[in-house]
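Next come the chains, spelled out residue by residue.
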Amino acid sequence: MKRYFVVAAVGLLSALLAGAPGGEVAAQQRPSSPPKAEASQAKPEGEMRWAIYVTLAPQWFDPAEVLGQITPFWVLYAMHDALVKPMPGNLMTPGLAESWTVSPDQRAYEFKLREGLKFHNGDPFTAEDVKFSFHRTKGTKILKYKVREITVVDPYRVRFQLHEPFPDFMAFYGTLTAGAGCVVPKKYVEKVGDEGFKKHPIGLGPYRFVSHNLGVELVMEAFEGYWRKMPSVKRLVFKVVPDPTTRAAMLKRGEVDVAYMLDAPQALELQKDPSLRLAFSGGIGIAALDFLDMWDPKSPWADKRVRLAANYALDRRALSEMETLGASKPTGSIIPRAFEFALPIEPYPYDPVKAKQLLAEAGYPNGFDSGELHVTPPFFARGEAVMNYLGALGIKLRMRPMERAAFFAAWGAKKLKGVCVCGSGLYGNAATRMSEIVPSDGTYAYGGYPDIDALYKQQALETDRKKREAMLHQIQQTLHERVRFGPIFEFIWPSAIGPRVEEPALMLINPYPWSAPLEEVRLKKK
């Protein structure tokens, strides 16, 4: 097997493979390993506290449970580590793998693992843990389908053999599309079981689990043996504070150091305090209408004109101003503009007159009763605003608030009805973003189109980058023409940072919405 290193960002990876028939590519000249923490480095000290906006679900402590959402990486970036993952300056950074190689036929990926690493409980890290962790992961079905077998070549080398070339293998395995690249200790999980692991997770990350009080807080402590660098802060505390006014008040009182995701009024108020600072982050999530009932031929949403009317009814700029001080960028696509293979699509203009005209043409001049409106928690104010815009057309909706974990479970089980103001934060590129919401077999897809399904499968096999880009652009254009979704904006929001914080680690990884990598957060010296 002729080998070459592929240590690159998602876009560069595809470009390298597409331009390298038979695997003839020069090595990327990058350090194989960041420097180890110096023995003289100061010990971690102090405690840093975050006010977060949703309840931390115990399944987020287990990488195997990541199902089509990015929120669990709040915890995964702290307690766990991956073979490859997004880090500052490189969206596909070598982690537990020093390097990896791709066979000339692009059917085999072999990873050289770092030696001498230990899990938080002292268990040694080996290739057996990598194989075990991949097999137990539940997310990203396409990745599991593509892998024929995993071979432990030796204790520090593991090979993934694919059924066929799959250009997005690293986009799925080496980014935040799933938790498949994160590694857990095989012996420990087999001893305590999956439920036991959620109660006391063990990982390879910069912080180890201390305690979790459901609905209250998660406490973690610095792991001084972390291979990349010793963390600066001794203890991290994630406090569950669903109400944005309370999060802002806690920051002002000094009870927390970072308050995630503030509503516009709180952000404007805190901006007046010279001891505090605002920081905008995000760029991953796309808020969009998903017309869940459109696949029912008896539903008004089955008519494209009705879906188009809903798109013209939304004032996206006003929604951005209301929710995020205008930071969120209106869009006509469910794919972030910065993603590889994204087709730029302008947002629909706000035109309530045209919206009413389309609704009348479809046979609903006075609107209709559309049943339930679901909203990805905790963005209920966004849901209320959308409900008001549609209500102006006579489209009656009743909002059904749910707790976040219950919402994702019901959404994935296809139990929701009506319309959803949903959000997708799947990492990677245009193909990975669409994987769970566009193909008919996607976790959150309530229906699909045979021609798009066929084209999506075809692009997943195409190793010529330009041909693949054309296919993915065609899919995005077709989705737009059929008004499959009602994209609203690329979500960028304000958070606030207290006076004790030197480095909150927001947007060190771009794009990534929250503090990461957590070994980089720092408090000011006293």
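Below you will find a few notes about this structure. From a predicted model like this one, the values you see are computed outputs, not experimental measurements. (Residues numbered from 1 in each chain as written. Predicted model: local features only at pLDDT ≥ 70, side-chain atom pairs only at ≥ 80, totals over all residues. Heavy atoms only, no water.)

Let's talk about the packing of helix H3 (residues 127-136) against helix H6 (residues 186-199)
Definition in use: Axis definition: a line fit to C-alpha positions, over the contact stretch in the case of helices; interaxial angles, taken between N-to-C directions, run 0 to 180 degrees. Numbering goes from the N terminus for both helices and strands, where a helix is a DSSP run of H or I of at least four residues and a strand is a run of E of at least two. Note on angle classes: values under 35 degrees are labelled roughly parallel, values over 145 roughly antiparallel, values of 65 to 115 roughly perpendicular, and the remainder oblique. Contact criterion: two residues are considered in contact whenever any of their non-hydrogen atoms come within 4.5 Å of each other. When residue character is reported, Ala, Val, Leu, Ile, Met, Phe, Trp, Tyr, Cys and Pro are called nonpolar, Asp, Glu, Lys and Arg charged, and the others, Gly included, polar.
Interhelical geometry of H3 versus H6 gives an angle of 40° and a closest axis separation of 9 Å. Between H3 and H6, the angle is such that the two are oblique. Contacts between H3 and H6 involve Glu 128, Asp 129, Phe 132 and Arg 136 on the former and, on the latter, Lys 186, Val 189, Glu 190 and Asp 194. Partitioning the contact of H3 with H6 into residue classes produces 2 nonpolar, no polar and 6 charged.

Quick look at the sheet that holds strand E5 (residues 108-113)
Filter applied, for reference: DSSP bridges decide pairing: two strands pair if at least two such bridges lie between them.
An order of E4-E5-E7-E6 is seen for the 4 strands of this open sheet, with the pairing classed as antiparallel. Either end of the sheet is taken by a strand with one partner, and the two such strands are strand E4 (97-102) and strand E6 (147-154). Here the average twist between neighbouring strands, direction ignored, is 20°. Both E4 and E5 contribute to a ladder of 5 bridges, which runs antiparallel. Counterpart to Ser 99 in the pairing with E5 is Lys 112. Set on the sheet, H3 makes contact with E5, E6 and strand E7 (157-162); between it and E6 the angle comes to about 165°.

Description of the state of the cysteines
Disulfide: a covalent bond connecting the sulfur atoms of a pair of cysteines. Convention followed: Any two cysteine sulfur atoms lying within 2.5 Å of each other are counted as a disulfide. Burial classification: accessible surface area is computed with a 1.4 Å probe over protein chains only, and a residue below 20% of its type maximum counts as buried, one above 50% as exposed, and the rest as partly exposed.
A full pass over the atoms with the stated rule returns 1 disulfide. Cys 420 shares a disulfide with Cys 422; S-S distance 2.0 Å. Taking the sign of the S-S torsion, 115° for the link of Cys 420 and Cys 422, the bridge is right-handed. Of the two residues, Cys 420 and Cys 422, neither departs from the other in class, the shared state being buried.

Considering the packing of helix H7 (residues 244-252) against helix H8 (residues 264-271)
Between two packed helices, the angle of one axis relative to the other and the distance separating the axes together describe the packing. The test is simple: Handedness of a helix crossing follows the sense of rotation of the near helix relative to the far helix, less than a right angle counterclockwise being left-handed and clockwise being right-handed.
Contact geometry for H7 and H8: axes closest at 9 Å, N-to-C directions at 15°. One element, H7, and the other, H8, form an angle in the roughly parallel class. Here H7 runs over H8; the crossing is right-handed. Contacts between H7 and H8 involve Pro 244, Thr 245, Ala 248, Leu 251 and Lys 252 from the first element and Gln 266, Glu 269 and Leu 270 from the second. Here the residues of the contact of H7 with H8 are counted per class, giving 4 nonpolar, 2 polar and 2 charged.

Some points on the pairing of strand E15 (residues 395-399)
To keep things clear, this is the line we draw: A crossover gets the label right-handed when its path from the first strand over the helix to the second runs clockwise, viewed with the strands pointing away from the viewer.
Of the two faces of E15, the one holding Ile 395, Leu 397 and Met 399 is buried and the one holding Lys 396 and Arg 398 is not buried anywhere. Sheet analysis places strand E14 (residues 368-375) next to E15, joined by 4 bridges and oriented parallel. In the strand pairing of E15, Asp 369 is matched with Lys 396. With helix H12 (residues 380-391) bridging E14 and its parallel neighbour E15, the resulting β-α-β unit is right-handed.

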